[in-house]
Amino acid sequence: MPGWRGTILRIDLTAEKITKQPLDKSVAENFIGGRGFNSLTLFKEVKPGIDPLSPENVLCLAPGALTGTGLPLSSRIEVSTLSPYSGILGDGNAGGDFPTFLKRAGYDQVVITGKAKNPAYLWIDDENVELLDASELRGKTTWETTDILKEIHGKDVKVACIGQAGENMVRFATTMFDKHASAARGSGAVWGSKNLKAIAVRGTGKVELARPEDFKQLAKEDRQFFLKDKVQREVIAVYGSHIGMMHWKPGKRYFEKYLSGDEVPRALRPEAWKEYEIGRYACYGCPVGCKNTYQIPEGEYAGEINSALEFECIHCLGTNCGIEDPIAIMEMENLADKHGMCVIGLGNTIAFVKELYNLGIITRKDTGGLSLDWEDRDSQIELIRQIVSREGFGNMVAEGMYSFAKITGRGAMDYCYHVKGLSRGLHPPGIFSLAHATSTRGADHLRGRVWASGENDQGLVREPVDREFMPGVHDDPVRALTIGERVAAIADAIGRCKGAVISWAATVPLIHRYPLFEGVGKLLTTATGFEFSQSHLEEAAERIYIIERAFNIRQGITRKHDRMPQRVELMGTSQGEEELKEHDRMLTEYYRMHGYDLKTGIPARERLESLGLKFVADELEAHGPYPDWDGAPLMSLEEYPHGGRVHESEMEQDRETGAA
């Protein structure tokens, strides 16, 4: 199959069975790849109401349809599962080298089921696939695991793995690729629950193209944009997402306020981070190189090297937790990467817990004597270590912010600013709140918001509006968000990076030359031989989004969960009620545009059937209504695996295995 490799790799860990099945051509045409393949698989194979940490859960990894083809910014992979963090769809998208080499090895998707009897890892050497013993890898960091597997199988091997946080089923544990790239929303805990430590891959094959010369010319035009564009070369390639500290209003002390550029501490501004930079880092085949490689100059981890410190870490583990020390932020980024935790889930949970502590809802008696004062960097680092090993107070914090609030009680949930268990802070009614409310993986900034709102890369954001590819956000916010969602779905399906500053040019190939999806359609057509028109791609995006909505409906999501969080002091006031009414009005319009029932938010049969999803409509009608969502099922804190704490003797080894 040109473009695709034509094979789905299925791993049954319980039966220790490896099978390869042909990729269905109709699935390829209608769901494209990456996120599309995974979301379809999860709807078909994950039973509603199961525990995400049970063997019944399914873990899917899928590179994009254009990954491995030579198109720039396309070494991307989607990792999808029923999230143990949120209890709904949990998918994350990551870059690095691994996605390209998995595609080159010959696989469009890896589907993992069951649970291994003993720690195992998957070894993929092109067509040869084996499940191997991972007992010696148990308790190793992601950096150590990667290096060990390269020593065993060769330096050309690429590695996806979990650290101790995943082994201990920390709810926001992540899958780490090539040491630096993270696919978040709890997938790492699912690896741990399945006794799967890593996947190592060697891929030496080539992705066949239907019309190679035509495709190469289009890819060359796309690449030339990134090599010549002033914003890409002088801003993004120099600062990456650090530029967001000046433009994206990071939160301070659990969203007490949002910092304007001139309020951001000087030590955390883009230029200041250059003091620690020793190089730049790019995912495979990317001409931009948006990520920094940095070295910690002093302190407990002096000399440690890592890459890809992003805006989200500086914001979530830094300013929003009251920490303004760049050394501490680098140390915490490295702890998260080494032990396999999402910096957003980790940071948001710690900021929430700190808020409860400083409000007096929890005390030192609850924390085991640990200080959670805003500026206390050492206590925050100690808490991260406890979370990794599920020791002491960290065992409870490892449950994530929503579950922590449920367990704590005492009014803690009033301060849990979440949508379906995930947090992006507080926003008044409008495009941000609507995007967070309707995102199919909980409050989120990458499902549609930033393209619709125009918060990044102003010149390129205005261009689609000026060329009437989409309406202005103030003219028709619901329509703008809908188009933004389609843009994100197609990017995740073809395997395209959304860019360090999440720009239109990065997310939509050739948009500088062609209307919206026309360039993407040309690329897919010349790569695969299928005819991909703009209308076909718009339908495919809707199909992906609506099947994700249906997946969440089976997990108990209804209209009331598409909420807009509010501060406690605003709840019940006339202003608060008016804001909720405005959000409700926009939500109704959004449902109408997408073809959802206006009262329940459930996709209507007519709309599902128009997208070729009759089986989804049949499933929802046959088995609904479903129990109300209330987060992921909880376990006794004593039931989890524990251990793997970083000790002084291990720190030197971690320094040596860090990426230069």
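Residues numbered from 1 in each chain as written. Predicted model: local features only at pLDDT ≥ 70, side-chain atom pairs only at ≥ 80, totals over all residues. Heavy atoms only, no water.

The next thing to look at is the overall build of the protein. Per the secondary structure count, the protein includes 28 helices and 17 strands. With the C-alpha coordinates of the protein rotated into their principal frame, the extents come out at 65 × 65 × 55 Å. Counting all 660 residues of the protein, 66% fall into the buried class. A sequence separation of at least 24 residues applies to 70% of the contacts in the protein between residues at least 6 apart. Looking at the protein, you have 79 positive and 95 negative side-chain charges, and the mean spots of the two groups are 3 Å apart. (Helix = DSSP H or I, 4+ residues; strand = E, 2+ residues; numbered from the N terminus. Buried < 20%, exposed > 50% of the residue type's maximum accessible area, 1.4 Å probe, protein only. Contact = heavy atoms within 4.5 Å. Lys, Arg positive; Asp, Glu negative; His and termini not counted. Charge placed at Lys NZ, Arg CZ, Asp CG, Glu CD.)

Turning our eyes to something else, we now look at the side chain of His-445. Locating His-445 in the fold gives a position in the loop between α18 (431-438) and α19 (449-453). Its relative accessible area of 8% is what places His-445 among the buried residues. At a separation of 3.2 Å, a polar atom in the side chain of His-445 contacts the side chain of Glu-312. (Polar contact = N/O pair within 3.5 Å; in protein donor to acceptor, adjacent residues only side chain to side chain.)

Attention now goes to the nonpolar core. Counting residues in each nonpolar core, the largest one holds 91 residues, and the members touching the most others are Ile-329, Met-341, Leu-346, Phe-352, Ile-387 and Phe-404. By residue number, the principal contributor to this core is helix α13 (residues 343-359), which donates nine residues. With near-sequence residues (within four places) excluded, Ile-387 lies in contact with Val-170, Phe-172, Met-341, Leu-346, Ile-350, Gly-394, Val-397 and Ala-398. Counting residues in hydrophobic clusters, the runner-up holds 74 residues, among them Cys-60, Leu-66, Ile-553 and Leu-620. (Core = buried A, V, L, I, M, F, W, Y, C linked by side-chain atoms within 4.5 Å.)

Moving on, we come to the sheet that holds strand β9 (residues 158-161). Read across the sheet, six strands follow the order β8-β7-β12-β9-β10-β11 without closing on themselves; strand pairing throughout is mixed. Every interior strand has two partners, whereas the edge strands, β8 (128-133) and β11 (181-183), have only one. Going from strand to strand, the sheet's axes swing by 20 degrees on average, the running direction of each strand aside. In this sheet, strand β12 (residues 196-202) lies alongside strand β7 (residues 120-125) in parallel orientation, the contact comprising six bridges. (Pairing = 2+ DSSP bridges. Axes fitted to C-alpha atoms, helices over the stretch in contact; angles between N-to-C directions.)

Attention now moves to the pattern of salt bridges. When the charged atoms of two side chains lie near each other, side chains of opposite charge can form a pair. Applying the stated criterion across every chain, the model contains 48 salt bridges. The salt bridge involving Arg-35 is made with Glu-548; its shortest N-O contact spans 2.8 Å. In this pair, Arg-35 sits in helix α2 (residues 35-45) while Glu-548 sits in helix α24 (residues 534-554), placing the two residues 513 residues apart along the sequence. An identical accessibility class is assigned to Arg-35 and Glu-548; each is buried. Arg-592 is the salt-bridge partner of Glu-589, the closest N and O atoms lying 3.2 Å from each other. Placement of the pair is Glu-589 and Arg-592 together in helix α25 (residues 574-594), with a separation of three residues, close to one helical turn. In this structure Glu-589 comes out as partly exposed when scored by relative accessible area, which is 29%. Judged by its relative accessible area of 48%, Arg-592 falls in the partly exposed class. Taken together, the shared-partner salt bridges in this structure form one network comprising Arg-35, Asp-91, Arg-185, Arg-441, Asp-444, Arg-447, Asp-492, Lys-498 and Glu-548. (Salt bridge = Lys/Arg side-chain N within 4 Å of Asp/Glu carboxyl O.)

A separate point is the confidence of the model for the protein. On average, the protein scores 94 in pLDDT, and the residues at 70 or more come to 95%. Overall, residues 647-657 carries pLDDT values under 50, and its contacts beyond four positions in sequence, including any with other chains, amount to 21 contacts. (pLDDT = per-residue confidence, 0-100.)

So, about the sheet that holds strand β16 (residues 291-295). Strand order in this open sheet of three strands is β15-β16-β17, and the pairing throughout is antiparallel. Each of the sheet's edge strands pairs with one partner strand only, and the pair in question is β15 (277-281) and β17 (305-307). Along the sheet, successive strands turn relative to each other by an average axial angle of 20 degrees, direction set aside. With four bridges connecting them, β15 and β16 associate as antiparallel partners. Looking at β16, one finds that Gly-279 is bridged to Thr-293.

Let us now look at helix α15 (residues 377-389). The end-to-end C-alpha distance of α15 is 19 Å, a good match for the 18 Å that 13 residues give at a rise of 1.5 Å each. Along α15, eleven of the 13 residues are buried, which leaves the element largely enclosed by surrounding structure. Those residues of α15 that fall on the buried side of the exposure criterion are Ser-379, Gln-380, Ile-381, Glu-382, Leu-383, Ile-384, Arg-385, Gln-386, Ile-387, Val-388 and Ser-389. The N-terminus of α15 is capped by Asp-376, whose side-chain oxygen sits 3.3 Å from the backbone nitrogen of Asp-378. One or two positions beyond α15, positive phi appears at Arg-390, with a value near 50 degrees. (Expected span 1.5 Å × (residues − 1).)

Tallying each qualifying case throughout the model produces 19 aromatic pairs. Seen from their ring centres, Phe-530 and Phe-532 are 6.4 Å apart, and the 65 degrees between their planes marks the pair as edge-to-face. Put simply, the rings of Tyr-254, Phe-255, Tyr-258, Phe-352, Phe-393, Phe-404 and Tyr-417 pair up and form one aromatic cluster. Lying over the aromatic face of Phe-101, Lys-158 brings its terminal NZ or CZ to 5.0 Å of the ring centre. (Phe/Tyr/Trp six-rings, centres within 6.5 Å; stacked < 30°, edge-to-face > 60°. Lys NZ or Arg CZ within 6 Å of the ring centre and 35° of its normal.)

This part is about helix α12 (residues 326-339). For α12, built from 14 residues, the straight-helix expectation of 20 Å at 1.5 Å per residue is met to within 8% by its first-to-last C-alpha distance of 20 Å. Buried residues dominate α12, accounting for 14 of its 14 residues. Its side-chain oxygen at 3.0 Å from the backbone nitrogen of Ile-327, Asp-325 defines the N-terminal cap of α12. Positive backbone phi, approximately 75 degrees, marks Gly-340, located one or two places after α12.

This brings us to the environment of Pro-477. Following the sequence through the fold, Pro-477 ends up in helix α21 (residues 477-494). By relative accessible area, which is 22% here, Pro-477 ends up partly exposed. Taking C-alpha positions, Pro-477 is 40 Å from Asp-373, a pair spaced 104 residues apart along the chain. Dropping the residues within four chain positions of it, Pro-477 is found in contact with Ile-431 and Met-586.

Attention shifts here to unusual backbone geometry. Of note, the bond from Gly-624 into Pro-625 is cis; its omega dihedral lies within 30 degrees of zero at -5 degrees. Looking at where Pro-625 falls in the secondary structure, it is placed in the loop between α27 (614-623) and α28 (648-657). The phi dihedral of Lys-179 is positive, around 75 degrees, even though this residue is not glycine. Mapped onto the secondary structure, Lys-179 falls in the loop between β10 (175-177) and β11. Here Arg-253, not a glycine, exhibits a phi torsion of approximately 50 degrees, which is positive. Along the chain, the position of Arg-253 falls in the loop between β13 (251-252) and β14 (257-258). Overall, Arg-253 belongs to the partly exposed group, its relative accessible area being 23%.

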